[in-house]
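# Working through the structure, step by step
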Amino acid sequence: MSSRDVLMKTEATRMGQGIQEGAGRNPAGTEVRVEAGAGAHSWTNAEPNTRMEQVLERENLMRAYQRVVSNKGAAGVDKMPVPALKAHLQQHWPTLRERLLSGDYHPQPIRRISIPKPQGGERILGIPTVQDRLIQQALHQALSPMLEPTFSDHSYGFRPGRSAHQAVKAMQQHINDGYHWVVDLDLAQFFDRVNHDVLMSQLARHITDRRVLTLIRRYLQAGMLEGGLVSPRREGTPQGGPLSPLLSNVLLTELDRELECRGHRFCRYADDCNIYVRSRRSGERVMASVTRYLERSLRLKVNTGKSAVDRPWRRSFLGYSVSWHKKQVRLRIAPKSLKAFMAKLRPLLKRSRGQSLNTTIRSLNPVLRGWANYYHLTASKRSVEALDGWIRRRLRLILWQQWKRVRTRARNLMRLGLTEQRAWMSATNGRGPWWNSGASHMNAALPKRVFNGLSLVSLLDTMVRLQR
């Protein structure tokens, strides 16, 4: 056995032991937050043909393992759940590592699932096996520090230290600077139509280790399992794997650089790109030229039905829209975002009719808190206040339906502070549940302060607190 083989075997053994020790400190059922930030390792100036060795460094693999465990997620085609990954690696890691180093590793097919889009249609996801998620996460952590400096300052999606809020604020600034027309580009099925040759040629500019490039191409071409049959893939980088967001940014950085060379004002978050111009005529010219560039250079198709040149306040970007106030642009929640959120809440409230109000509120609060945190940049409070009122009315509706009988309704209304006469008049009014949930007697019996006492998250109060 050569000295190199001895070192490989020793490192593989240490990796298996590290997984065992790490899993002991952070068992599979425990949330572990491990950031894969660009500053974690100084790999940018590494030796050109040792990238795979860096991917397989023990510390990098341990962080990747902890990230996969903390993210949980569904099983792939091999049906191996995340908790089984530790034992699997302890048994198979030495062989797996040798195959990766020799360039002989072939990923398993991905499992196809579809989820509905908020605006209609469906989004295709490709779920890799847990083992492949580990390898993809390790690749992401090793490549991100090298690729991150090449990305545009106008790109905000799937990048450390950048967020959708920053993109929305940049949009607001462009409009305030006098760019009152937007070229709203919608890339048709972007993740399903990524051209593999174009993407790999861009990666080859930065990565010289052929093993890494070959492995990435194999991940791109891994078959998709549906209905017991595996179909080959010749294009696309399906959402669902840790590597997909990074690869999408690599491809669309070419678009960013093209727009920068032309001197355009723009914001891009993943495949959602808005370009801001001063006139409709300019916008139509930009729409035509950028569409040609995307189709000829990047082999991507623009969805002409959803793309448009329009005023920004008639469009939405990342769930936000804008309005005018004293010659300044203010952020507001896009109407379709409000409708989508109400549609998301309805099933939660319908399922709550057989349980206590406290239980219902506990299930609602995480959803309300997350939504308020994302949309707290809005300056328009009226729609949020109306949404708060709608939620409280739905909760009153649940109580009214749970009370069922006239006597029960009258007794509970009196218990909540109504006079006997008013309680009995309300209980016997003969109106339907929805009407009663919004009537004055239910508002008097269950005002906002009662729900505050039950710890119901108020969207408006949360947003005001976050804006301070």
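See the structure above.
The rules behind each value
Residues numbered from 1 in each chain as written. Predicted model: local features only at pLDDT ≥ 70, side-chain atom pairs only at ≥ 80, totals over all residues. Heavy atoms only, no water. Pairing = 2+ DSSP bridges. Helix = DSSP H or I, 4+ residues; strand = E, 2+ residues; numbered from the N terminus. Axes fitted to C-alpha atoms, helices over the stretch in contact; angles between N-to-C directions. Bend = angle between axes of the 7 residues up to and from the residue. Phe/Tyr/Trp six-rings, centres within 6.5 Å; stacked < 30°, edge-to-face > 60°. Buried < 20%, exposed > 50% of the residue type's maximum accessible area, 1.4 Å probe, protein only. Lys NZ or Arg CZ within 6 Å of the ring centre and 35° of its normal. Patch = residues over 30% accessible without salt bridge, like charges linked within 9 Å, V, L, I, M, F, W, Y side chains within 5 Å. Areas by Shrake-Rupley, 256 points an atom, 1.4 Å probe, with all protein chains shown as cover. Salt bridge = Lys/Arg side-chain N within 4 Å of Asp/Glu carboxyl O. Expected span 1.5 Å × (residues − 1). Contact = heavy atoms within 4.5 Å. Left-handed = near helix turned anticlockwise from the far one by under 90°. Nonpolar A, V, L, I, M, F, W, Y, C, P; charged D, E, K, R; others polar. Polar contact = N/O pair within 3.5 Å; in protein donor to acceptor, adjacent residues only side chain to side chain. Core = buried A, V, L, I, M, F, W, Y, C linked by side-chain atoms within 4.5 Å.

Once that is clear, we can look at the sheet that holds strand β4 (residues 224–226). Overall, mixed pairing links the four strands, which are arranged β2-β1-β4-β5 in an open sheet. In this open sheet, the two strands that pair with only one neighbour each are β2 (122–127) and β5 (229–231). Neighbour-to-neighbour, the strand axes of this sheet turn through a mean angle of 40 degrees, independent of strand direction. Two elements, β4 and β5, share three bridges in a ladder whose sense is antiparallel. Across the sheet, the residue bridging to Met224 is Ser231, located in β5.

Most pronounced at His92, the bend in helix α4 (residues 85–102) amounts to some 65 degrees, and the proline Pro94 follows within four residues. Just beyond α4, the residue with positive phi is Gly103, at close to 80 degrees.

Here we take up the packing of aromatic side chains. In total, this model carries nine aromatic pairs according to the counting rule given. For the ring pair Phe158 and Tyr269, a centre distance of 6.1 Å and an interplane angle of 50 degrees mean the geometry is tilted. Of the two residues, Phe158 is situated in the loop between α5 (130–147) and α6 (164–176) and Tyr269 in strand β6 (residues 265–269); the sequence distance between them amounts to 111 residues. Judged by relative accessible area, Tyr269 falls into the partly exposed class, the value being 22%. Centroid distance Trp371 to Tyr375: 4.7 Å. Interplanar angle 40 degrees. Geometry classified as tilted. On the accessibility criterion, Trp371 (9% relative accessible area) is buried. One aromatic cluster in this structure is built from Tyr320, Phe341, Trp371, Tyr374 and Tyr375. The ring of Trp434 has Arg393 sitting right over it, with the charged end atom 3.9 Å from the ring centre.

Residues Val406, Met414 and Trp424 make up a contiguous nonpolar surface patch of roughly 220 Å² in combined accessible area. Looking at where Met414 falls in the secondary structure, it is placed in helix α14 (residues 406–415).

Before going further, it helps to examine α6. Over its 13 residues, α6 runs 19 Å from end to end, which matches the ideal 18 Å to within 8%, given 1.5 Å per residue. Ala164, His165, Ala167, Val168, Ala170, Met171, His174 and Ile175 are the residues of α6 that are buried. Tucked inside the fold, the buried residues of α6 contact β6, β7 (272–277), β9 (320–325), β10 (328–333) and α12 (357–374). Gly178 occupies a position one or two residues after α6 and carries a positive phi of about 105 degrees.

Between α14 and helix α15 (residues 420–427), the least distance of the axes is 8 Å, while the angle of their chain directions is 145 degrees. Crossing handedness for the pair α14 and α15: right-handed. Facing Val406, Arg407, Arg409, Ala410, Leu413 and Met414 of α14, the residues of α15 in contact are Glu420, Ala423, Trp424, Ser426 and Ala427. Residues that form the contact of α14 with α15 fall into these classes: seven nonpolar, one polar and three charged.

To continue, consider the side chain of Asp184. Tracing the chain through its elements places Asp184 in strand β3 (residues 181–186). Reaching out from Asp184, the side chain makes a polar contact with the side chain of Arg315 at a distance of 3.1 Å. Setting aside residues up to four positions removed in sequence, Asp184 forms contacts with Asp272, Cys273, Asn274, Met287, Ser307, Ala308, Arg315 and Ser316.

The next point concerns the nonpolar core. Residues Leu203, Ile216, Leu255 and Ile275 are the most contacted members of the largest nonpolar core, which totals 66 residues. For this core, the element with the highest residue contribution is α5, accounting for nine residues. With sequence-adjacent residues up to four places away left out, Leu203 is seen in contact with Leu147, Leu213, Ile216, Leu247 and Val250. Counting 53 residues, the second largest nonpolar core, distinct from the first, contains Leu318, Val322, Leu345 and Leu459.

This next bit is on the pairing of β7. Counted residue by residue, β7 has five buried out of six residues, so it is predominantly covered. The sheet contact formed by β3 and β7 spans six bridges and is antiparallel. Looking at the pairing, Val183 lines up with Ile275 of β7. Of the strand pairs in this sheet, β6 and β7 are connected by five bridges, and their pairing is antiparallel. Within the sheet, the bridge partner assigned to Arg265 lies in β7 and is Tyr276.

Our focus in this paragraph is unusual backbone geometry. Phi is positive for Phe158, close to 55 degrees, though the residue is something other than glycine. The backbone of Gln189 shows a phi angle near 45 degrees, a positive value even though the residue is not glycine. Its location among the elements puts Gln189 in the loop between β3 and α7 (196–203).

Overall, the coordinates contain 14 salt bridges when judged by the stated rule. A salt bridge links Asp184 to Arg315; the shortest N-O distance between them is 3.1 Å. One end of the pair, Asp184, is in strand β3; the other, Arg315, is in the loop between β8 (308–310) and β9, and 131 residues separate them in sequence. Note on Arg315: relative accessible area 23%, which makes it partly exposed. Of the charged contacts, one joins Asp310 and Arg314 as a salt bridge, the two residues approaching to 3.2 Å between their closest N and O atoms. Its relative accessible area of 15% is what places Asp310 among the buried residues. Several salt bridges converge on common partners, so that one network encompasses Glu53, Asp209 and Arg211.

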